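Per-entry structural report
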Amino acid sequence: MHPPIALYRSDAIRAIDRRAIEHDGIDAYALMTRAAAAAFAALQRAWPSARRVCVLCGQGNNGGDGFVLARLARMAGLAVQVLVVDARAASTESARRAREQWQDIGGSTQVFEAGVPLPDCDLLVDAIFGIGLRRAPEGAAHALIEAINAADRHVLALDLPSGLDADSGSAPGAAVRAERTVTFIAHKQGLFTGRARALAGTVELAALGIAAATRDAQPLSAFAVDARHLARWLAPRRRDAHKGDHGHVLAIGGDSGMGGAVRLCAEAALRAGAGLVSVATRDGNVGAMLAARPELMPRAVDEPEVLRALLDRADVVALGPGLGRGDWSRDLFDAALAAALPTVLDADALNLLAVAPRALGTAVLTPHPGEAGRLLDCSAAQVEADRYAAAEALARRHAATVVLKGAGSIVAAPGHTPVVIAAGNPGMAGGGMGDVLTGVIAALLAQGMAPFDAACAGALLHAAAGDAAAREGGERGLLASDLFPHLRRLANP
Ligand SMILES: NC(=O)C1=CN([C@@H]2O[C@H](COP(=O)(O)OP(=O)(O)OC[C@H]3O[C@@H](n4cnc5c(N)ncnc54)[C@H](O)[C@@H]3O)[C@@H](O)[C@H]2O)[C@@H](O)CC1
Ligand SMILES: [K+]
């Protein structure tokens, strides 16, 4: 079984690097050479016909990696040009040595000038900033990043796309959009969520031959999982199982005009393996729901008493899809939370929770950044500036499991290392997708998974189903209900 991918913060990467140098006796410049060699090998694998390469170097060790790569590429017969961000000397000993060795083989270096087009080439290598980025790129660095993005060339990023923050996955200013990133020593947690999903392209790790024990002596800060990891959570069913073993989900929502949301949630719960799925909704939704999906058990709920009878028979509640925020919605919300069943809260349930905070029992919250901002009294942009921190703050505040949705969804809960979902695609940024996720997580809870596991497995199953559906018919125009056949297939790995 594939182990999850260990992710680190930049301070842990620096500590691994220091330990490799001081403890294991690997020379700093040797590490830089290994980094550049691994990146050049990746370049040749990805773009075997590239002949003219332009390497863009910053002042620090990331720039040093670039100079060594330039030398290796030139020695391999490629035409190589090097541009530096500014004319000052390199800021580290290794980077100075890398420059000198480039000059020693006759390589020339130009200083980038804003407004002057980048040299004509097949491929750009981004070696401006790695984990040393301290603030939004200014001046020439900013202009060079914009020039790279405007150049319409293949881009290989060394360690990180320049401008991306290695820890948060956000970019404080301009950032390079790479097609491929070769990252060194260990995976940075910032490469897996938020802006990184658009900037880093395909991410490849070059561990540089550092001993596993040296790496493992530093704390990892998150895990990433992808479709290969589904089998960790979704074991085959017992041969003697019956429907009572797989739990009863009650989906609550679907105020007038929003019946589709709760139907998608309920049907997703069926497709993710819930034994029984009831729906508490408006009278007007019941007939259509029964006609379309006779396995569902929809009930018209006009008042909380009717809901209480349904709650008595349920194991898990999916609360919020199409719930609305009126009196009907609030009454159902209060009655549902009073039942103290394991509950997945989404959409308007989160909005109602934001205006009337309360202690939750076993709960999984599935906010998008806007809803997370409302719950944390901040803006969606502040949530996006550090998605890991926002997910963890929300989990602490509500003593609950949180799935912060968006590019690279993050699952956080008190006492757990966060898990980032390395799957999903922009075709999934559309109506109904969140309702499906809520139903999937509720179904996994109903089948006996612990909340954190149900949230990780549910978010991963949902994202992987979205990827499978997008491969089949494209991202644009992808519908939430297109996920259903894939959910079923992927739920049985
Ligand atoms: N032994 C090592 O330390 C190794 C380091 N490696 C490379 O070294 C990188 C880290 O090197 P550094 O710590 O030198 O850092 P970087 O090279 O990432 O960047 C630091 C440089 O950028 C400048 N800078 C930072 N933010 C700026 C901004 N907003 N605007 C303008 N200038 C800014 C700093 O003043 C400094 O000169 C890694 O990402 C990796 O690519 C690899 O060679 C592997 C081994
Ligand atoms: K870089």
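Residues numbered from 1 in each chain as written. Chains lettered and ligands numbered in written order. Predicted model: local features only at pLDDT ≥ 70, side-chain atom pairs only at ≥ 80, totals over all residues.

With respect to the overall build of the protein chain
Within the protein chain, the regular secondary structure consists of 18 helices and 19 strands. Expected size for 493 residues packed as a compact globule is a radius of gyration near 23 Å; at 26 Å, the protein chain falls within 12% of this value. Counting only C-alpha atoms, the protein chain reaches 85 × 45 × 40 Å along its principal axes. Scored against the burial criterion, the 493 residues of the protein chain give a buried share of 55%. In the protein chain, of all internal contacts separated by at least 6 residues, the share reaching a separation of at least 24 is 72%. (Helix = DSSP H or I, 4+ residues; strand = E, 2+ residues; numbered from the N terminus. Rg over C-alpha atoms; globule rule 2.2 N^0.38 Å. Buried ≥ 20, exposed ≤ 12 C-beta atoms within 10 Å, placed from the backbone. Contact = placed C-beta atoms within 7 Å.)

Some words on the packing of helix 10 (residues 304-313) against helix 11 (residues 327-338)
Relative orientation of the contacting elements helix 10 and helix 11 amounts to 35°, with a least axis distance of 10 Å. Relative to helix 11, the crossing made by helix 10 is right-handed. Each of Pro 304, Leu 307, Arg 308 and Leu 311 in helix 10 lies in contact with helix 11, whose residues at this interface are Asp 331, Leu 332, Ala 335 and Ala 336. Here the residues of the contact of helix 10 with helix 11 are counted per class, giving 6 nonpolar, no polar and 2 charged. (Axes fitted to C-alpha atoms, helices over the stretch in contact; angles between N-to-C directions. Left-handed = near helix turned anticlockwise from the far one by under 90°. Nonpolar A, V, L, I, M, F, W, Y, C, P; charged D, E, K, R; others polar.)

Notes on the packing of helix 12 (residues 348-355) against helix 13 (residues 369-376)
Following both chains from N to C, one finds helix 12 and helix 13 inclined at 15°, their axes separated by 8 Å at the closest point. On the basis of the axis angle, helix 12 is roughly parallel to helix 13. As for the relative orientation of helix 12 and helix 13, their crossing is left-handed in sense. Of helix 13, the residues touching helix 12 (which contributes Leu 350, Asn 351, Leu 353 and Ala 354) are Glu 371, Arg 374 and Leu 375. (Parallel < 35°, antiparallel > 145°, perpendicular 65-115°, else oblique.)

Let's talk about the sheet that holds strand 5 (residues 123-127)
Strand order in the open sheet formed by 7 strands is 4-3-2-5-6-7-9, with parallel pairing between adjacent strands. Every interior strand has two partners, whereas the edge strands, strand 4 (109-111) and strand 9 (202-206), have only one. Sheet twist, expressed as the mean angle between neighbouring strand axes with direction ignored, is 25°. As judged from the 5 bridges shared by strand 2 (residues 52-57) and strand 5, these two strands associate in the parallel manner. Looking at strand 5, one finds that Cys 54 is bridged to Leu 124. Strand contacts of helix 3 (residues 61-75): strand 2, strand 3 (79-84), strand 5 and strand 6 (154-158), with the helix running at about 160° to strand 2, the strand carrying the most contacts. (Pairing = 2+ DSSP bridges.)

Structural notes on the site of ligand 1
In the neighbourhood of ligand 1, 28 residues make up the surrounding shell, with Gly 60, Asn 61, Asn 62, Gly 130 and Gly 132 lying closest. Going through the elements one at a time, helix 2 (28-46) and helix 3 are the ones with two or more residues in the shell around ligand 1. Here the residues of the shell around ligand 1 are counted per class, giving 12 nonpolar, 10 polar and 6 charged. (Near = placed C-beta within 6 Å.)

Some thoughts on the nonpolar core
If you look at the biggest cluster of nonpolar residues, it comprises 174 residues, and the most contacted ones within it are Val 55, Leu 56, Val 249, Ala 251 and Ala 269. Counting residues per element, this core draws most heavily on helix 17 (residues 451-473), at 13 residues. Domain assignment of the residues forming this core places at least three in each of domain 1 (5-220) and domain 2 (229-490). For Leu 56, the contacting residues outside a window of four places in its chain are Gly 66, Leu 83, Leu 124, Val 125, Asp 126, Ala 127, Ile 128, Leu 144 and Ile 148. (Core = buried A, V, L, I, M, F, W, Y, C linked by C-beta atoms within 7 Å. Domains from an automatic or database assignment.)

Quick notes on the pairing of strand 10 (residues 222-225)
Here strand 10 shows a buried face lined by Ala 222 and Ala 224 and a second buried face lined by Phe 223 and Val 225. Bridge count between strand 1 (residues 5-8) and strand 10: 3 bridges; the pairing is antiparallel. Pairing of Ile 5 across the sheet is with Ala 224, part of strand 10. Pairing of strand 10 with strand 19 (residues 419-421), which is carried by 3 bridges, proceeds in the parallel orientation. Across the sheet, residue Val 225 finds its bridge partner in strand 19, namely Ile 421.

Observations regarding the domain arrangement of the protein chain
What the domain assignment reports for the protein chain is domain 1 (5-220) and domain 2 (229-490). Contacts between the two partners involve 10 residues from domain 1, matched on the other side by 10 residues from domain 2. The class makeup of the residues in the side of domain 1 that touches domain 2 is 3 nonpolar, 6 polar and 1 charged.

Re the environment of Arg 293
By the secondary structure assignment, Arg 293 is in the loop between helix 9 (283-292) and strand 13 (297-300). Each C-alpha atom, one on Arg 293 and one on Arg 71, is 64 Å from the other, the two residues being 222 residues apart in sequence.

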